[in-house]
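Analysis of the macromolecular model
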Amino acid sequence: MLSCLALQIGRNSVPNWMQKKNCIIKKKVKKLQHVETSFDSPKLSKVTSISDRSQIKPLDNKRKRKTKPLIIDQLGNELSNNITHRLALDCEMVGSGKDGSENQLARVSIVNVYGDIVYDKIVLPREVVTDYRSAITGLNKEIISSKGVPFKTVQGEVAEMIRDKVVIGHDIKHDFDALEFSHPKPMIRDTAKYKPFKTLSKGNTPSLKKLCREILKKSIQEGAHDSVEDARCALQLYRMHRTTWERSLKRFKKKSKNIQAVDDEDEVSDESESF
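Since the model is a prediction, treat every value here as computed from it, not as a measurement.

1. A few points about the overall build of the chain
From N to C terminus, the chain includes 10 helices and nine strands. Among the 275 residues that make up the chain, the fraction classed as buried is 40%. Within the chain, counting contacts between residues at least 6 apart in sequence, those at least 24 apart form 59% of the total.

This is the structure in structure tokens:
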């Protein structure tokens, strides 16, 4: 009404105080219209659950998570091609020698920081297997002979995949021994060596099964071990304590320049992450 009145009697004849009031009213109307259109805009949609990972920035800010698997491997797994900066690794070994006590690599599984499988292969042992440890590995002669890949092939593929990556695992030294290569110590996060976890076993090395039961409140390894599940559990343990873990490495880095800590400036909340 005020704006109509102003047009009728002429702008010059309207007092200054009324012109200012008209301007204020117009600004308020425009602001209200902007708010109404903003609520209808998809730009305001927010991630309401940590499980909606497709809308969350990955921990590795250089790569975006690809939600669709590229291929189905020979074990029936949906493989992702999102090789993130953090990877979790676990291996299964069979036995050779007279008493079957010598470890031979039989399976290698790697998952990315989201728990997606990026590598999972059965390995052909280089020596005669005297104990398949089927109750633990879930493997037997038929599975290994029909689906196994030569050791050297797997060794080269895994070494290339984890190069310059932070590798997470449980008592991972045994895995690298079976793979017959090493990884830089500053780039390893071993849940069996993390001091806060060792307090659960009075300073001794805790089993992954114990850590999962005490910290994650879940049961694993009730029957045959699953290297994918074990890798995911080690990853979940690390992610729950990632902030304090990496900060402790940064503090230690001030005393020794041999430790490389990973940046904590990520938008994903790790404490409630599960796979």
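That shown, we press on.
2. A few points about the packing of aromatic side chains
This structure, assessed with the given rule, holds five aromatic pairs. Aromatic pair Tyr194 and Phe197: ring centres 4.9 Å apart, planes at 80 degrees, arrangement edge-to-face. You can call Phe197 buried: its relative accessible area is 1%. Taking 6.2 Å as the distance between ring centres and 85 degrees as the angle between the ring planes, the aromatic pair formed by Phe197 and Trp245 counts as edge-to-face. Taken together, the residues Phe197 in helix α7 (residues 195-198) and Trp245 in helix α10 (residues 242-255) connect sequence positions 48 residues apart.

3. Examining helix α5 (residues 151-162)
With 12 residues, α5 should reach 16 Å at 1.5 Å per residue; the first-to-last C-alpha distance of 17 Å fits that figure. Buried residues along α5 sit in contact with β3 (86-96), β4 (102-112), β5 (117-124), β7 (149-150), β8 (166-169) and α6 (173-179). Note on α5: the residue one or two positions beyond its end, Asp164, has a positive phi of about 65 degrees.

4. A closer look at the pairing of β4
Burial of β4 is extensive: nine of the 11 residues sit out of reach of the surface. By the bridge criterion, 10 bridges tie β3 to β4 in an arrangement that is antiparallel. Residue pairing for β4: Leu89 is matched across the bridge by Ile110. Bridge count between β4 and β5: five bridges; the pairing is antiparallel.

How each quantity is defined
Each chain carries its own residue numbering, running from 1 in the direction its sequence is written. pLDDT decides what is reported in this predicted model: residues at 70 or higher carry local features, side-chain atom pairs at 80 or more are listed and counted, and totals for whole chains, interfaces and linings draw on all residues regardless. With hydrogens and water excluded, all non-hydrogen atoms of the structure serve as input to the side-chain values. Counting from the N terminus, the helices are the DSSP runs of H or I reaching at least four residues and the strands are the DSSP runs of E reaching at least two. When a residue's accessible area, from a 1.4 Å probe over protein chains only, is under 20% of the maximum for its type it is buried; when over 50% it is exposed; and in between it is partly exposed. Any two residues whose heavy atoms approach within 4.5 Å are treated as being in contact. Any two of the Phe, Tyr and Trp rings considered here, Trp counted by its six-membered ring, make a pair once their centres fall within 6.5 Å; the pair's planes then place it as stacked at under 30 degrees, edge-to-face at over 60, or tilted in between. To estimate the expected span of a helix, subtract one from its residue number and multiply by 1.5 Å. In this analysis, strands are considered paired if DSSP registers two or more bridges between them.

By themselves, these observations are geometric and do not establish any function.
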